[in-house]
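# Breakdown of the fold
As a plain string of letters, each chain reads:
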Amino acid sequence: MVDYEREEHNTPEQPKRSKKGYFLSSLIGVIVGAVLMAFLMPYLSNEGLDTGEADQQLNNRQEPIRTVNVSVNNAVTKIVSNVSPAVVGVVNIQKTDIWGESGEAGSGSGVIYKKNDNSAYVVTNHHVIEGASQIEISLKDGSRVSAELVGSDQLMDLAVLRVKSDKIKAVADFGNSDKVKSGEPVIAIGNPLGLEFAGSVTQGVISGTERAIPVDSNDDGQPDWNAEVLQTDAAINPGNSGGALLNMDGKVIGINSMKIAESAVEGIGLSIPSKLVIPVIEDLEKYGKVKRPFLGIEMKSLNDIASYHWDETLKLPKHVTNGAVIMGVDAFSPAGKAGLKELDVITEFDGQKVNDIVDLRKRLYQKRVGDRVKVTFYRGGKEKSVEVKLSSADQLGR
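None of the values given here were measured: they were computed from a predicted structure.

### Details of the overall build of the protein chain
Within the protein chain, the regular secondary structure consists of 8 helices and 20 strands. Burial analysis of the protein chain (398 residues in total) assigns 38% to the buried set. Counting only contacts in the protein chain whose residues sit at least 6 apart along the sequence, the fraction spanning at least 24 positions is 60%. Summing over all exposed atoms, the protein chain offers an accessible surface of approximately 23000 Å²; the carbon and sulfur share of this is 50%.

So, in structure tokens, the structure goes:
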């Protein structure tokens with residue numbers, strides 16, 4: 001009989017191994033297996049594992065997420081704590097009958113943005129205080145103080161109020177709305193639905209920047225101004241008007257103004273960006289109104305004029321399809337002094353294309369009194385240009 005066991009061990013390809021070698025091999029295998037199991041454990045299902053151990057591993061993986069959420073919540077809480085005392089209620093009181101009795105006609109919100117030794121200044125919306133015979137400010141502690149109207153601007157829907165500073169505890173700071181980006185988190189503070197819900201806080205994101213909303217300032221049914229606003233999905237309801245829209249630095253980047261309140265639309269709140277608020281309230285403080293440059297012309301959008309007049313009366317080239325038509329000129333106005341005449345069609349203002357009268361007003365109101373601008377226009381079918389030095393209506397005694 002052949003001894004197969006002895007023959008196998010004497011084969012050159014199968015050298016003898018010591019018991020120590022087998023032990024080391026087994027030990028290395030155990031270590032490698034343990035490392036692999038530790039690495040793969042979070043990705044394996046709980047089947048066949050101890051439930052408590054699996055839950056503990058899952059909790060350990062989620063711990064960083066909970067820490068981030070707590071950090072964000074703490075930041076919001078701190079911002080609200082610091083800024084909410086500077087957001088006040090604005091009460092519009094009007095005479096209700098011929099005997100001089102007065103009553104509250106409505107309320108909105110306002111933001112205290114400046115304080116000196118004797119006075120504090122509040123910015124709110126024009127429509128919040130419109131028609132008021134008396135205005136009061138409701139503070140965070142519920143107390144009320146009388147407010148004086150410094151100035152108001154219907155076009156930008158902004159107003160400035162002045163109150164005594166002795167009870168004012170906090171002032172909000174403006175941030176730079178030019179740096180705001182879509183998706184950026186924001187906080188809105190105001191008084192939705194009246195003072196009963198004073199100091200309400202909502203949170204959301206910036207949904208869009210530089211949105212253009214048509215505004216009919218003279219109630220003639222035609223838009224004569226495009227308001228530039230920030231769009232947010234933070235809840236802004238009636239009564240929030242005049243309140244603050246804050247970034248995560250706790251700075252006011254907008255004054256909440258209006259809400260699209262159609263039944264099919266939700267989550268669209270609009271806020272006047274701080275870059276537009278600041279120059280307006282500076283003028284209101286200084287002059288009681290906004291000193292805007294003006295041209296001194298009556299005008300109509302080219303698209304509002306019958307097309308046969310484009311050829312017969314205005315003699316426009318075929319490629320000119322947009323512009324603002326001058327219907328009348330004040331001889332002593334900036335436009336009159338520059339030589340602009342009736343039936344001239346303005347197509348560019350300061351190097352920017354003019355589509356209609358709303359477009360021209362927007363370009364004009366972005367300038368300051370005293371600026372010089374180039375105006376391009378068509379007269380009798382020929383393109384011309386002039387330089388206009390802008391002035392205010394006050395300089396003509398208006």
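### Looking at the environment of glycine 106
Among the secondary structure elements, glycine 106 is positioned in strand S2 (residues 102-115). With 14 residues separating them in the primary sequence, glycine 106 and asparagine 92 have C-alpha atoms 5.4 Å apart. Each residue touching glycine 106, except ones within four places of it in the same chain, is listed here: Val90, Val91 and Asn92.

### Observations regarding the pattern of salt bridges
Evaluated as defined, the whole model comprises 13 salt bridges. The shortest N-O distance in the salt bridge between lysine 318 and aspartate 311 comes to 3.5 Å. With its nearest N and O atoms 3.6 Å apart, the salt bridge here joins aspartate 359 to arginine 363. With aspartate 359 and arginine 363 both in helix H8 (residues 357-365), this residue pair falls 4 residues apart, about one helical turn. With respect to burial, aspartate 359 and arginine 363 carry one shared label: buried. Taken together, the shared-partner salt bridges in this structure form one network comprising Asp178, Glu210, Glu228 and Lys275.

### Side note on the pairing of strand S9 (residues 225-232)
The side chains of a regular strand alternate, first on one face of the sheet and then on the other. Within S9, 7 of the 8 residues are buried, which leaves the element mostly enclosed by the surrounding structure. The sheet contact formed by strand S8 (residues 200-215) and S9 spans 7 bridges and is antiparallel. By the bridge assignment for S9, arginine 211 is matched with valine 229.

### Digging into the nonpolar core
In terms of nonpolar packing, the biggest core is built from 50 residues, with Val123, Ile137, Leu158, Leu161 and Leu246 touching the most fellow members. Residue contributions to this core peak at 5 residues, all from strand S6 (residues 158-164). Setting aside residues no more than four positions away along its own chain, leucine 158 makes contact with Val123, Thr124, Asn125, His126, Ser152, Asp153, Ile255, Ile272, Val277, Val280 and Leu284. Listed in part, the 18 residues of the second largest apolar core include Ala324, Phe349, Val386 and Leu390.

### Considerations on the packing of aromatic side chains
Scanning the entire structure with this criterion turns up 2 aromatic pairs. Between tyrosine 113 and tyrosine 121, the ring centres sit 6.5 Å apart and the planes meet at 45°, which makes this aromatic pair tilted. Each ring, one from tyrosine 113 and one from phenylalanine 174, has its centre 6.1 Å from the other, and the planes form 50°; the classification is tilted. Taken together, the residues tyrosine 113 in strand S2 and phenylalanine 174 in the loop between S6 and strand S7 (185-190) connect sequence positions 61 residues apart. Judged by its relative accessible area of 24%, phenylalanine 174 falls in the partly exposed class.

### Some words on the environment of phenylalanine 174
Sequence separation between phenylalanine 174 and asparagine 247 is 73 residues, and the spatial gap between their C-alpha atoms is 9.9 Å. Each residue touching phenylalanine 174, except ones within four places of it in the same chain, is listed here: Tyr113, Lys251, Val252, Ser274, Val277, Ile278 and Ile281.

### Examining the environment of valine 180
Secondary-structure assignment places valine 180 in the loop between S6 and S7. Residues valine 180 and threonine 209 lie 29 residues apart in sequence; the distance between their C-alpha atoms is 7.5 Å. Apart from residues no more than four positions distant in its own chain, valine 180 is found in contact with Ile206, Thr209 and Ile253.

### Focus on the side chain of aspartate 359
Judged by relative accessible area, aspartate 359 falls into the buried class, the value being 13%. Contact partners of aspartate 359, with chain neighbours within four places excluded, come to Lys353 and Val354.

### Observations regarding H8
Helical periodicity: at 3.6 residues per turn, an α-helix aligns residues three or four positions apart in one direction. By the burial criterion, the buried members of H8 are Ile357, Val358, Asp359, Leu360, Arg363 and Leu364. You can read the cap of H8 off the contacts: a side-chain oxygen lies 3.3 Å from the backbone nitrogen of valine 358, and it is on aspartate 356.

### Some details on unusual backbone geometry
Positioned with a positive phi, aspartate 157 is a non-glycine residue whose angle comes to about 55°. Backbone geometry places lysine 315, a non-glycine residue, at a positive phi of 55°. Mapped onto the fold, lysine 315 is located in the loop between helix H6 (308-312) and strand S15 (324-329). Using a relative accessible area of 47% as the deciding quantity, one classes lysine 315 as partly exposed.

### Digging into helix H5 (residues 274-287)
With 14 residues, H5 extends 20 Å between its outermost C-alpha atoms, agreeing within 8% with the 20 Å of an ideal straight helix rising 1.5 Å per residue. Turning to H5, its buried residues number three or more, namely Ser274, Val277, Val280, Ile281, Asp283 and Leu284. Following H5 by one or two positions, glycine 288 has its phi on the positive side, about 85°.

### Re the confidence of the model for the protein chain
Per-residue confidence for the protein chain gives a mean pLDDT of 81; residues scoring 70 or more make up 75%. Contacts of residues 1-20 to residues separated by more than four positions or lying in other chains number 4 contacts, the stretch itself having pLDDT below 50.

Parameters at a glance
- Residues numbered from 1 in each chain as written.
- Predicted model: local features only at pLDDT ≥ 70, side-chain atom pairs only at ≥ 80, totals over all residues.
- Heavy atoms only, no water.
- Helix = DSSP H or I, 4+ residues; strand = E, 2+ residues; numbered from the N terminus.
- Buried < 20%, exposed > 50% of the residue type's maximum accessible area, 1.4 Å probe, protein only.
- Contact = heavy atoms within 4.5 Å.
- Areas by Shrake-Rupley, 256 points an atom, 1.4 Å probe, with all protein chains shown as cover.
- Salt bridge = Lys/Arg side-chain N within 4 Å of Asp/Glu carboxyl O.
- Pairing = 2+ DSSP bridges.
- Core = buried A, V, L, I, M, F, W, Y, C linked by side-chain atoms within 4.5 Å.
- Phe/Tyr/Trp six-rings, centres within 6.5 Å; stacked < 30°, edge-to-face > 60°.
- Polar contact = N/O pair within 3.5 Å; in protein donor to acceptor, adjacent residues only side chain to side chain.
- Expected span 1.5 Å × (residues − 1).
- pLDDT = per-residue confidence, 0-100.

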